[in-house]
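The residues making up each chain are set out below.
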Amino acid sequence: MKPVVVFVLGGPGAGKGTQCARIVEKYGYTHLSAGDLLRDERKRPGSQYGELIENYIKEGEIVPVEITISLLKRAMDQTMAANSQKNKFLIDGFPRNEDNLQGWNKTMDGKADVSFVLFFDCDNEICIGRCLERGKSSGRSDDNRESLEKRIHTYLQSTKPIIDLYERMGKVRKVDASKSVDEVSSKQHVELETLLWKDLHSWPERKGKSGEFFQRYTLWDGERVLLPISVPCKRSKIFKYRQPTAVSASELGT
């Protein structure tokens, strides 16, 4: 089973990490932050990349793609080795530039499926303010105005064109990230729930042991579930029925 990936992009302080945590809780993804993986590797005793990563981060520059992809692939492999069913990943803060994207395509072509980009769009000054507030307790060396201005410049020059590229491909889902955490979360859930389900009517309805008829549905990532046909299957409403009424194949009659 290949990893199914959603790239999560936006400026520093757009709330990517906060919102990813909520997606993980509600939808069962594994969240991989490219920045966190790099920072952890930087601190790891004996890391061959530690000093190099530190210098790039302090300057607000993008770490060489080979390092980032190596860390991402290792994290995905470890997650799926522990549980082969956990193949859905939010990759936060990647790809950050054309080099990242080309490196991903070269290394991961045929090894992972990218579904779409979840783009958190937020005003630069709001982002800076959030990061400065976070810096009071985060201990991150890059949560200061000088580093933040460099990071935003890098984002606008290098990452935004990648978002624009995916948008031209019809693979960007944009959320206004300038709102409160709860407002952003509500908006992104609407976006995701519209995307996560698509009904495939190629399978006939099947009668269950209880006498009720069921229709099979497929998630965008290939996961299949069965729901009673009495459930209204509008995309905006179906997701709330997943847990209480989804049934396994064993519930179906022969």
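As a reminder, the structure under discussion sits directly above these lines.
Quick caveat, the model's predicted, so the values are computed rather than measured.

**Quick look at the sheet that holds strand 4 (residues 113-121)**
On the basis of which strands lie adjacent, the open sheet formed by 5 strands has the order 2-3-1-4-5 and parallel pairing. Bordering the open sheet on either side are strand 2 (30-33) and strand 5 (172-176), each of which pairs with just one other strand. Sheet twist, expressed as the average angle between the axes of neighbouring strands with direction ignored, equals 25 degrees. Sheet topology places strand 2 next to strand 3 (residues 88-92); 4 bridges connect them, and they run parallel. Bridged to His31 within strand 3 is Leu90. Here helix 2 (residues 34-43) sits on the sheet and contacts strand 2 and strand 3; the angle it forms with strand 2, its principal contact strand, is near 60 degrees.

**Some points on helix 3 (residues 50-58)**
Helical geometry note: an α-helix holds 3.6 residues per turn, so side chains three or four residues apart project in the same direction. Taken as a whole, helix 3 has its buried residues at Gly50, Ile53, Glu54 and Ile57. The arc that holds every buried residue of helix 3, seen down its axis, measures 105 degrees, which confines them to one face. Gly60 lies just past helix 3 and shows a positive phi near 70 degrees.

**Observations concerning the packing of aromatic side chains**
One pass over the full model with this rule turns up 4 aromatic pairs. Considering the side-chain rings of Phe7 and Phe94, the 6.0 Å spacing of their centres and the 65 degrees angle between planes classify their relative orientation as edge-to-face. In this pair, Phe7 is assigned in strand 1 (residues 4-10) and Phe94 in the loop between strand 3 and helix 5 (98-108), connecting sequence segments 87 residues apart. The exposure class assigned to Phe7 is buried, which follows from its relative accessible area of 0%. Overall, Phe94 belongs to the buried group, its relative accessible area being 0%. Ring geometry for Phe7 against Tyr166: centres 6.2 Å apart, planes inclined by 75 degrees, an arrangement best described as edge-to-face. Here Phe7 is found in strand 1, whereas its partner Tyr166 is found in helix 7 (residues 145-168), with 159 residues between them in sequence. As far as burial versus exposure is concerned, Phe7 and Tyr166 are alike and both buried. An aromatic cluster is built from Phe7, Phe94, Trp104 and Tyr166, whose rings are joined through pairwise contacts. Against the face of Tyr29 rests Lys88, its NZ or CZ located 5.3 Å from the ring centre.

About the criteria used
Residues numbered from 1 in each chain as written. Predicted model: local features only at pLDDT ≥ 70, side-chain atom pairs only at ≥ 80, totals over all residues. Heavy atoms only, no water. Pairing = 2+ DSSP bridges. Helix = DSSP H or I, 4+ residues; strand = E, 2+ residues; numbered from the N terminus. Axes fitted to C-alpha atoms, helices over the stretch in contact; angles between N-to-C directions. Contact = heavy atoms within 4.5 Å. Buried < 20%, exposed > 50% of the residue type's maximum accessible area, 1.4 Å probe, protein only. Arc of directions from axis to C-beta. Phe/Tyr/Trp six-rings, centres within 6.5 Å; stacked < 30°, edge-to-face > 60°. Lys NZ or Arg CZ within 6 Å of the ring centre and 35° of its normal.

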